[in-house]
Amino acid sequence: MEGFESFIGVNFWTALFTLLNFLLVFFMGKKFLFGPVMKMIADRQKEIDDMYDSANKASQQAKALEDEYQSKLSQAKSTSDEIVKSAVARAQAREDEIIRQANADAAAILEKANADIALEKKKALNDAKDEISGVAMAIAEKVVERQLNDADQQTLIAEFIDNLGESL
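Residues numbered from 1 in each chain as written. Predicted model: local features only at pLDDT ≥ 70, side-chain atom pairs only at ≥ 80, totals over all residues. Heavy atoms only, no water.

Novice: Got a minute to help me understand the overall build of the protein in this structure?
Specialist: Along its length, the protein carries three helices and zero strands. Counting helices and strands in the order they occur from the N terminus, the protein gives α-α-α. Within the protein, the fraction of its 168 residues that count as buried is 4%. Accessible surface, the protein as shown: approximately 14800 Å² in total, 63% of it carbon and sulfur. (Helix = DSSP H or I, 4+ residues; strand = E, 2+ residues; numbered from the N terminus. Buried < 20%, exposed > 50% of the residue type's maximum accessible area, 1.4 Å probe, protein only. Areas by Shrake-Rupley, 256 points an atom, 1.4 Å probe, with all protein chains shown as cover.)

Below, the structure is given as C-alpha cells:
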C-alpha cells in the first residue's frame, strides 16, 4: 500500500514548487499576456467608439446634404420645366420650318419630274418618228422598188414627219 500512498500522497515541496510555478506563470501571463490583451481590447473599444461618433457625424452631414439636395431638386424641377417649354417652342418652330422646306422640295421635285416627263415624251416621240420614218422608207422603197437617193429620202422623211406631227 505504500506505493499507493506515494502515488496519491502530497509532498510538501512538490506542492510548494507547483504553487510557485503557478504564481510565476500567472504573473508572467498577467504582465505579458493579459496586459497587452486588455490594452488591445481598450484600443479596439476606443476605435469602435470613434467609428460610432464618425458615423453619427456622417449621418448628420448626410441629413444636411439631403435637405440641400431636396431644395436644389425642387429648383432643378422648375428650371427643367422652363427648359422643356422652351425646347417645345423651338421644336415646333423647327417642325414648321422643316415642313415648309419639305413642301418646297416636294414642289421642286414634282416640277423637275414633270419637266423630265415632258422631255422623255418628246424624246420618245422623236424616236418613234425616226423609227416610223425608217419603216415608211423601207415600205416606200419596196413600193417604188428602187433605191432613193439621199435628197429624195430626206424630202420624203420631212413630209412624212410633218404629216405624222399633224395627225398626233
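Novice: Sorry if this is basic, but what is going on with the packing of aromatic side chains here?
Specialist: The geometry of two aromatic rings is summed up by the distance between their centres and the angle between their planes. Tallying each qualifying case throughout the model produces three aromatic pairs. Ring geometry for phenylalanine 12 versus tryptophan 13: centroids 5.4 Å apart, planes at 70°, classification edge-to-face. In this structure phenylalanine 12 comes out as exposed when scored by relative accessible area, which is 55%. Relative to phenylalanine 27, the ring of phenylalanine 26 lies with its centre 5.6 Å away and its plane at 70°, an arrangement referred to as edge-to-face. Among the residues examined, phenylalanine 26 registers a relative accessible area of 37% and is labelled partly exposed. Looking at phenylalanine 27, the relative accessible area reads 53%, which means it is exposed. Linked through ring pairs, Phe22, Phe26 and Phe27 together constitute an aromatic cluster. (Phe/Tyr/Trp six-rings, centres within 6.5 Å; stacked < 30°, edge-to-face > 60°.)

Novice: Is there a simple way to explain the pattern of salt bridges in this structure?
Specialist: For the structure shown, the criterion picks out eight salt bridges. Here aspartate 50 and lysine 46 are joined by a salt bridge, their closest N and O atoms 3.3 Å apart. On the criterion of helical spacing, the pair formed by aspartate 50 and lysine 46 is a turn pair, its members being four residues apart in helix H2 (residues 12-144). A salt bridge links lysine 63 to aspartate 67; its shortest N-O distance comes to 3.8 Å. Taken as a pair, lysine 63 and aspartate 67 lie in helix H2 at a separation of four residues, close to a single helical turn. (Salt bridge = Lys/Arg side-chain N within 4 Å of Asp/Glu carboxyl O.)

Novice: Please clarify how a nonpolar patch on the surface should be interpreted in this entry.
Specialist: A cluster of nonpolar side chains, contributed by Leu19, Leu20, Phe22, Leu23, Phe26, Phe27, Leu33, Phe34, Val37, Met38, Met40 and Ile41, occupies part of the molecular surface with about 1200 Å² of accessible area. As for its position among the elements, methionine 40 is in helix H2. On the basis of relative accessible area, methionine 40 is assigned to the exposed category, the value being 56%. (Patch = residues over 30% accessible without salt bridge, like charges linked within 9 Å, V, L, I, M, F, W, Y side chains within 5 Å.)

Novice: Whenever I open this one, the confidence of the model for the protein confuses me. Can you help?
Specialist: Fine structural detail should not be taken from predicted coordinates in areas where pLDDT scores are low. When the pLDDT values of the protein are averaged, the result is 84; 85% of them are 70 or greater. Confidence, expressed as mean pLDDT per element, reaches its minimum in the protein at helix H1 (residues 2-8) with 61 and its maximum at H2 with 89. (pLDDT = per-residue confidence, 0-100.)

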